[in-house]
Amino acid sequence: MTVVLAALAPVALWLGRLPGLGAHDYLIYYRLLFYNDVGNGLAMLVALLAALLIPSLRRAAARLADELSCHPVAGSVVAFMGLALLARIVYQGFPLAMDEYAPVLQARIFADGELAIRYPPTLLDRVVPKGFQGWFILVNPATGQAASAYWPGLALLMAPLALFGGEWLLNPLFGALGLWLLGDLAVQASRQPQARGWAMLAALASPQYTVNTLSYYAMPGLLTLNLLFLWLALRPSHKSAALAGAVGSLALVLHNPVPHALFALPVLLWLAWDAQRRRRLPALVLGYLPLLLVLLLGWVLATDAMGLRQASTGTEHLTLIEAWTHKLGGLFVLPTPALLTVRAYALWKTLIWTAPGLVLLACLQRPASAIERLLLAAFALMFAFYFFIPFDQGHGWGYRYLHPAWGLIPVATAVAAIRATPGKIALPAVALTAGLLATPVFLWTTRATISEAIAMQPPVSGDGMSYVFVADRPNLYTMDLVRNYPADRGHVLRMVGTDFAADRALVRKLAPNATLQHADERGATWSAPAARDTPSHAD
């Protein structure tokens, strides 16, 4: 079955292409699916065949799992260093999607000691594309203030790293901590210390885990915080329960509350089911409260007080509660054929981006411990919930909506590895070998996608002040490249390009002495000598 699914995956995606369309004729979700993931799926298939045919590769994977079992802390440290290095090589310090840019922008705003950045009000629609206003970036048209539309937890964690441009280190840190937690949960689930290394290696052998830890997405943090929440909630003490609540509250405000709420629900029901465990619930609830009041509610009130609102509802002058009620009401739909198709493709992505066979193993294997049951319940709930959310995820590596509950797969793999009959070819050894062999291809396709986006940026002049107009090419998502950080003040101002004459007229108003430095299909760059009276983002 594993070989059959691995063979069908790239074929199913390739058959999804429509005749006469090229890669850039598709929305980004389908572009990555029909092009990147066809190559990724073929790589996983070839690696699976190699793992089946070459016993020495499987033995090497088993030895590596044993080493990780014996040295989990050292393994996590080495993994952090490797992931951090790959983050620079693969991601190149470039937040690709708006879901990544928004928290990085907010982190740099926090690092500046501010809650919002201020752009010239008259240029607001130029420096923050209108389609992003209220969805990714909250804006106040009257003052020019702007901030991330997401809850600020991830940005706050990034902020100390942003002081030296190190935001890219956060997810490798989450990834390393997540490895240790997966290993320890596997030991608790199986009651066998040898399970630790298998769980850790299952994560490292799955691009769903490794590639996401190279990104700026919130998903690695959500997964790790959910695992830590479960790890603490399992411990029979009120102190651990309170700490679990505190960790859970951070997960709630990291990006948006839904991923942790879905993960926590089975855990809360499990605690409430038993009289002995039920006594820990008040401490857990109390642990949630401080951050929920300060960040979940406080951030909404603070941004509203600054006039930063969510996307237009079509009705002006709504109260804060009315605006949020309207927004949340539009997020849920009944599944349509189109949405069911998107989620079917998401299942293929889940299979391709996880070491072969492990998704089926995790879902079909009978859970023998509370940990496995809770992880399975969270995994199923997360997958089912997004059948009622009308978004296809857009950019993303693997099926990122499922990532916060993905911890089931390494833990279930470790339990299966411990149960395997000695001397027989076991699925975990084959799958992990294949995943490790195929991962370089996933890294290469990911880097190529990011490099393509970087190359679409108009160049910036090295001297003076650069006024950069980015050409609006919807199929290439070039509006994602209109980014203005606090540190850019007085050096570069990136704006939405319209037509050359209108852009030139705007530059003449901003800097009469500016000269054209570059113009091509990517847009145009004008340069002016730096001067105190040059308009800046703070004007």
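Residues numbered from 1 in each chain as written. Predicted model: local features only at pLDDT ≥ 70, side-chain atom pairs only at ≥ 80, totals over all residues. Heavy atoms only, no water.

1. Description of unusual backbone geometry
One non-glycine residue, arginine 191, adopts positive backbone phi at about 60 degrees. Among the secondary structure elements, arginine 191 is positioned in the loop between α8 (170-190) and α9 (195-204). In this structure, tyrosine 477 is a non-glycine residue whose phi angle is positive, near 55 degrees. Its place among the elements puts tyrosine 477 in the loop between β4 (465-470) and β5 (492-496). The class of tyrosine 477 is partly exposed, set by a relative accessible area of 24%. (Helix = DSSP H or I, 4+ residues; strand = E, 2+ residues; numbered from the N terminus. Buried < 20%, exposed > 50% of the residue type's maximum accessible area, 1.4 Å probe, protein only.)

2. Some points on the pattern of salt bridges
Pairing is possible between side chains of opposite charge, provided their charged atoms come close. Scanning the entire structure with this criterion turns up eight salt bridges. Of the charged contacts, one joins arginine 489 and aspartate 112 as a salt bridge, the two residues approaching to 3.6 Å between their closest N and O atoms. Of this pair, arginine 489 sits in the loop between β4 and β5 while aspartate 112 sits in the loop between α5 (98-111) and β1 (117-118), and the two are 377 residues apart along the sequence. Judged by its relative accessible area of 29%, arginine 489 falls in the partly exposed class. Of the charged contacts, one joins aspartate 503 and arginine 126 as a salt bridge, the two residues approaching to 2.8 Å between their closest N and O atoms. Here aspartate 503, found in helix α22 (residues 500-510), pairs with arginine 126, found in helix α6 (residues 124-127); they are 377 residues apart in sequence, far enough to count as distant. (Salt bridge = Lys/Arg side-chain N within 4 Å of Asp/Glu carboxyl O.)

3. Some points on α9
Counting buried positions over the 10 residues of α9 gives nine, a clear majority of the element. All buried positions along α9 are accounted for by Ala195, Arg196, Gly197, Trp198, Ala199, Met200, Leu201, Ala202 and Ala203.

4. Overview of the packing of aromatic side chains
Applying the stated criterion across every chain, the model contains 22 aromatic pairs. Ring geometry for tyrosine 30 and phenylalanine 34: centres 5.6 Å apart, planes at 40 degrees, overall tilted. In this pair, tyrosine 30 and phenylalanine 34 are both assigned in helix α2 (residues 28-53), four residues apart and thus about one turn of the helix distant. For the ring pair tyrosine 30 and tyrosine 345, a centre distance of 6.2 Å and an interplane angle of 90 degrees mean the geometry is edge-to-face. Of this pair, tyrosine 30 sits in helix α2 while tyrosine 345 sits in helix α17 (residues 337-352), and the two are 315 residues apart along the sequence. Classification of tyrosine 345 as buried rests on a relative accessible area of 14%. Ring pairs connect the aromatic residues Tyr26, Tyr29, Tyr30, Phe34, Tyr35 and Tyr345, which therefore count as one cluster. The positively charged end of arginine 235 is found above the aromatic ring belonging to tryptophan 231, 4.5 Å away from the centroid. (Phe/Tyr/Trp six-rings, centres within 6.5 Å; stacked < 30°, edge-to-face > 60°. Lys NZ or Arg CZ within 6 Å of the ring centre and 35° of its normal.)

5. Thoughts on the pairing of β5
Of all five residues in β5, five are buried, a share of seventy percent or more. Bridge analysis of β4 against β5 gives five bridges, and the strand direction is parallel. What sits directly across from valine 470, in β5, is valine 496. (Pairing = 2+ DSSP bridges.)

6. Comments concerning the pairing of strand β6 (residues 515-520)
Relative to strand β7 (residues 523-528), β6 runs antiparallel, the two sharing five bridges. Looking at the pairing, aspartate 520 lines up with glycine 523 of β7. Two successive antiparallel strands, β6 and β7, enclose a turn made up of two residues.

7. Re the packing of helix α4 (residues 72-91) against helix α21 (residues 427-455)
In contact at an axis separation of 8 Å, α4 and α21 are set at 50 degrees when each is read in the N-to-C sense. Between α4 and α21, the crossing angle belongs to the class labelled oblique. On α21, the residues touching Leu86, Ile89, Val90 and Tyr91 of α4 are Leu443, Thr446, Arg447 and Ile450. Among the residues making up the contact of α4 with α21, the classes are represented as six nonpolar, one polar and one charged. (Axes fitted to C-alpha atoms, helices over the stretch in contact; angles between N-to-C directions. Parallel < 35°, antiparallel > 145°, perpendicular 65-115°, else oblique. Contact = heavy atoms within 4.5 Å. Nonpolar A, V, L, I, M, F, W, Y, C, P; charged D, E, K, R; others polar.)

8. Remarks on the sheet that holds strand β2 (residues 137-139)
The strand order across the open sheet formed by three strands is β1-β3-β2, and the pairing between neighbours is antiparallel. In this open sheet, the two strands that pair with only one neighbour each are β1 and β2. Taken together, the two bridges between β1 and strand β3 (residues 145-148) define a ladder with antiparallel strand orientation. Across the sheet, residue isoleucine 117 finds its bridge partner in β3, namely alanine 146. Of the strands in this sheet, β1, β2 and β3 touch α5, which is tilted by about 120 degrees from β3.

9. Quick word on helix α15 (residues 281-305)
For α15, spanning 25 residues, the distance from its first C-alpha to its last is 34 Å, which sits close to the expected 36 Å at 1.5 Å a residue. Looking at the residues trailing α15, positive phi occurs at glycine 307, about 80 degrees. (Expected span 1.5 Å × (residues − 1).)

10. Focus on the confidence of the model for the protein chain
Per-residue pLDDT for the protein chain averages 91, and the proportion of residues at 70 or more is 94%. At the low end of the mean pLDDT range in the protein chain sits helix α16 (residues 320-329), at 65; at the high end sits helix α11 (residues 219-233), at 98. (pLDDT = per-residue confidence, 0-100.)

11. Concerning the layout of surface pockets
Size it by volume and the largest pocket reaches roughly 1400 Å³. In terms of lining residues, the largest pocket is bounded by 46 residues, among which Asp99, Phe136, Tyr150, Phe391 and Tyr401 are the most central. Listed by contribution, the elements that provide at least two residues to the lining of the largest pocket are α2, α5, α13 (258-273), α15 and α16. No other element matches the four residues that α16 contributes to the lining of the largest pocket. Across the lining of the largest pocket, the residue classes tally to 32 nonpolar, seven polar and seven charged. (1 Å grid on protein atoms, 1.4 Å probe; cavity = no way out; pocket = protein on both sides within 12 Å on 5 of 7 lines; lining within 4 Å. Points joined across faces, edges and corners; volume = space filled by probe spheres on them.)

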